[in-house]
Amino acid sequence: MDDNEYVPENDHRPHLTLERHLTIGPHVYQLTASGTGDESIGLTVVGWGPTGEVVSEISGGISPADLAPVADALTSTLAGLAALRRQRLSSVTPAQATLGERPKRHRNQGTRWSAEDDERLVARHRAGASPRELMEEFGRSRGGILARLEHLGLITADGVPIAASEEGGPGEGTEVVAEAA
């Protein structure tokens, strides 16, 4: 619900607004979620640069029933985009940047990961397969492999391995086993 919307006097449902402010590097972000919990929840994310200019902005509504799957989809998608961006920033040569060459497209790039793929990726990663081997086996880019390993709780955003607990699967009861150099 927008701040400008009229709330009927006979509407006794609790109206909830959650707001979070984050400062990451030179940027400040404000995340706002509002609604009654019964209807679409309004979500807004705005980021400002150091001089006050808006650098990021997204808004929309989410059904309360879809909160968990949308959160999962956003988390994995944004983690994948971040990994892809890191990969491209580190792998683009000045010649490629000026000539506009496109990197090789992998056969499964952009396709959804199946539960079977996840299980096999976890097993191969834990068996010590290199990123190059995983790229060839799964037909995915290095960024795609790293983003999925991060999503599954097997590595940190910096690529540091995480050990799974004896009882839980990926993402459950994890701890960092090495520090980034």
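Residues numbered from 1 in each chain as written. Predicted model: local features only at pLDDT ≥ 70, side-chain atom pairs only at ≥ 80, totals over all residues. Heavy atoms only, no water.

Trainee: How should the sheet that holds strand β4 (residues 54-62) be read in this particular structure?
Mentor: Sheet strands associate in pairs through backbone hydrogen bonding, adopting either a parallel or an antiparallel arrangement. An order of β1-β2-β3-β4 is seen for the four strands of this open sheet, with the pairing classed as antiparallel. If you trace the sheet from one side to the other, it starts and ends with β1 (16-24) and β4, each paired once. In this sheet, adjacent strand axes meet at a mean angle of 10° when their direction is disregarded. Pairing of strand β2 (residues 27-35) with strand β3 (residues 41-48) involves seven bridges; the strand directions are antiparallel. By the bridge assignment, Leu31 is partnered in β3 with Val45. (Pairing = 2+ DSSP bridges. Helix = DSSP H or I, 4+ residues; strand = E, 2+ residues; numbered from the N terminus. Axes fitted to C-alpha atoms, helices over the stretch in contact; angles between N-to-C directions.)

Trainee: Got a minute to help me understand helix α4 (residues 131-138) in this structure?
Mentor: Taken as a whole, α4 has its buried residues at Leu134, Met135 and Phe138. Within α4, the buried residues cover an arc of 105° as seen down the axis, which keeps them to one side. For α4, the secondary structure elements touched by its buried residues are α3 (115-126) and α5 (142-151). Phi turns positive, to about 65°, at Gly139, one or two residues after α4. (Buried < 20%, exposed > 50% of the residue type's maximum accessible area, 1.4 Å probe, protein only. Arc of directions from axis to C-beta. Contact = heavy atoms within 4.5 Å.)

Trainee: Mind showing me how you'd approach the environment of Thr32 here?
Mentor: Mapped onto the fold, Thr32 is located in strand β2. Taking C-alpha positions, Thr32 is 4.4 Å from Glu19, a pair spaced 13 residues apart along the chain. Aside from chain neighbours lying at most four places away, what touches Thr32 is Thr17, Leu18, Glu19, Gly42, Leu43 and Thr44. Of the polar contacts made by the side chain of Thr32, one reaches the side chain of Gln30; its length is 3.2 Å. (Polar contact = N/O pair within 3.5 Å; in protein donor to acceptor, adjacent residues only side chain to side chain.)

Trainee: What should I look at first to understand the pairing of β3 in this one?
Mentor: Regular strands have side chains that alternate between both faces of the sheet. Here β3 runs beside β4; their pairing, made up of eight bridges, is antiparallel. By the bridge assignment, Val46 is partnered in β4 with Glu57.

Trainee: What am I meant to see in the side chain of Asp118 here?
Mentor: By secondary structure assignment, the location of Asp118 is in helix α3. Discounting chain neighbours no more than four positions away, the residues touching Asp118 are Trp113, Arg148 and Leu152.

Trainee: Sorry if this is basic, but what is going on with the environment of Glu137 here?
Mentor: Structurally, the position occupied by Glu137 is in helix α4. Taking relative accessible area as the criterion, Glu137 reaches 26% and is therefore assigned partly exposed. Separated by 16 residues in the primary sequence, Glu137 and Leu121 place their C-alpha atoms 9.4 Å from one another. The residues contacting Glu137, other than those within four sequence positions of it, are Arg107, Arg120 and Arg124. A polar contact of 3.1 Å, which involves the side chain of Glu137, links it to the side chain of Arg120. At 2.7 Å, the side chain of Glu137 and the side chain of Arg124 are in polar contact.

Trainee: Please clarify how a nonpolar patch on the surface should be interpreted in this entry.
Mentor: Among the surface-exposed residues, Leu74, Leu78 and Leu81 lie close enough to one another that they form a single nonpolar patch of about 280 Å² accessible area. Counting through the fold element by element, Leu81 comes out in helix α1 (residues 67-91). (Patch = residues over 30% accessible without salt bridge, like charges linked within 9 Å, V, L, I, M, F, W, Y side chains within 5 Å. Areas by Shrake-Rupley, 256 points an atom, 1.4 Å probe, with all protein chains shown as cover. Salt bridge = Lys/Arg side-chain N within 4 Å of Asp/Glu carboxyl O.)

Trainee: So what exactly am I meant to see when it comes to the packing of α3 against α4 here?
Mentor: Relative orientation and spacing of two packed helices are given, respectively, by the angle between their axes and the distance between those axes. Two elements in contact, α3 and α4, have axes separated by 11 Å at closest approach and are oriented at 155°. Taken as axis vectors, α3 and α4 run roughly antiparallel relative to one another. Crossing of α3 against α4: the hand is right-handed. Counted together, Asp117, Arg120, Leu121 and Arg124 of α3 and Glu133, Leu134, Glu137 and Phe138 of α4 form the full contact between these two elements. (Parallel < 35°, antiparallel > 145°, perpendicular 65-115°, else oblique. Left-handed = near helix turned anticlockwise from the far one by under 90°.)

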